[in-house]
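For reference, the chains in residue letters:
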Amino acid sequence: MIRPILRSFFYTGTALWVVASISGGGINFAKGPETFLMAALAISIANHFVRPILNILLLPINLLTLGLFRWVTNVLMMYAVTLVVPGFLISSFNSQAFALGGLVIPEIHIAGIGAFLLISFLISFLASFLYWLAK
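Presented here is a report on the structure given in the accompanying data block. (Residues numbered from 1 in each chain as written. Predicted model: local features only at pLDDT ≥ 70, side-chain atom pairs only at ≥ 80, totals over all residues. Heavy atoms only, no water.)

### Details of the overall build of the protein chain
Okay, step 1: Looking only at helices and strands, the protein chain has five helices and six strands in total.
Okay, step 2: For 135 residues, the compact-globule formula gives about 14 Å, and the C-alpha radius of gyration of the protein chain, at 16 Å, lands near that figure.
Okay, step 3: Projected onto its principal axes, the C-alpha coordinates of the protein chain cover approximately 45 × 40 × 35 Å.
Okay, step 4: Split into buried and exposed, the 135 residues of the protein chain put 32% on the buried side.
Okay, step 5: Contacts spanning at least 24 positions in sequence make up 67% of the contacts within the protein chain whose residues lie at least 6 apart.
Okay, step 6: Element-wise, carbon and sulfur atoms account for 75% of the exposed surface of the protein chain, whose accessible area totals about 8500 Å². (Helix = DSSP H or I, 4+ residues; strand = E, 2+ residues; numbered from the N terminus. Rg over C-alpha atoms; globule rule 2.2 N^0.38 Å. Buried < 20%, exposed > 50% of the residue type's maximum accessible area, 1.4 Å probe, protein only. Contact = heavy atoms within 4.5 Å. Areas by Shrake-Rupley, 256 points an atom, 1.4 Å probe, with all protein chains shown as cover.)

### Quick word on unusual backbone geometry
Okay, step 1: Of note in this structure, Leu66 is not a glycine but carries a positive phi near 55 degrees.
Okay, step 2: Following the sequence through the fold, Leu66 ends up in the loop between α3 (59–64) and α4 (70–84).
Okay, step 3: The exposure class assigned to Leu66 is exposed, which follows from its relative accessible area of 77%.

### Side note on the environment of Glu34
Okay, step 1: With respect to the helices and strands, the residue Glu34 is situated in helix α2 (residues 33–57).
Okay, step 2: Considered as a pair, Glu34 and Ser21 are 13 residues apart in the sequence and their alpha carbons are 17 Å apart.

### Re a nonpolar patch on the surface
Okay, step 1: On the surface, a nonpolar cluster with roughly 740 Å² of combined accessible area is contributed by Trp71, Leu117, Phe121, Phe125, Phe129, Trp132 and Leu133.
Okay, step 2: Here the element with the most residues in the nonpolar patch is helix α5 (residues 113–134); it accounts for six residues.
Okay, step 3: By secondary structure assignment, the location of Trp71 is in helix α4.
Okay, step 4: For Trp71, a relative accessible area of 41% gives the class partly exposed. (Patch = residues over 30% accessible without salt bridge, like charges linked within 9 Å, V, L, I, M, F, W, Y side chains within 5 Å. Salt bridge = Lys/Arg side-chain N within 4 Å of Asp/Glu carboxyl O.)

### A closer look at helix α1 (residues 2–22)
Okay, step 1: The terminal C-alpha atoms of α1 lie 30 Å apart, and with 21 residues this matches the ideal 30 Å at 1.5 Å per residue to within 8%.
Okay, step 2: Every buried residue of α1 is accounted for by Ile5, Ser8, Tyr11, Thr12, Gly13, Ala15, Leu16, Val19 and Ala20.
Okay, step 3: Residues of α1 that are buried make contact with β1 (27–29), α2, β2 (88–90) and α5.
Okay, step 4: Among the residues trailing α1, Gly24 stands out with phi positive, at a value near 65 degrees. (Expected span 1.5 Å × (residues − 1).)

Right under this line is the structure:
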């Protein structure tokens, strides 16, 4: 029981750290590492206990939208974590412009619900990728 939560804590914490690093100050940890660890633990616990309940309750809507409503549940969980963990704040997503050869990615600034959507997507994607790498 404790081992999957610790594994999830490690992967989620790593994904949260990477996304906080690339978000350009859009994710704030008021007390530094203490708030970071509390946020990673809260996200891990929410993924193990709250997400299955939400998925069952919202199954009809999820079936009608062919699975796209899961993004909404991810955003709701991320918002709930910001409410539960004091000092954890998601304000915006800012990225620098990037150019490599012919590939040019412009500067991105997203605030509000879009920031929650993008950050929750990136955290879940990176955590899932880390799970996949570990297998």
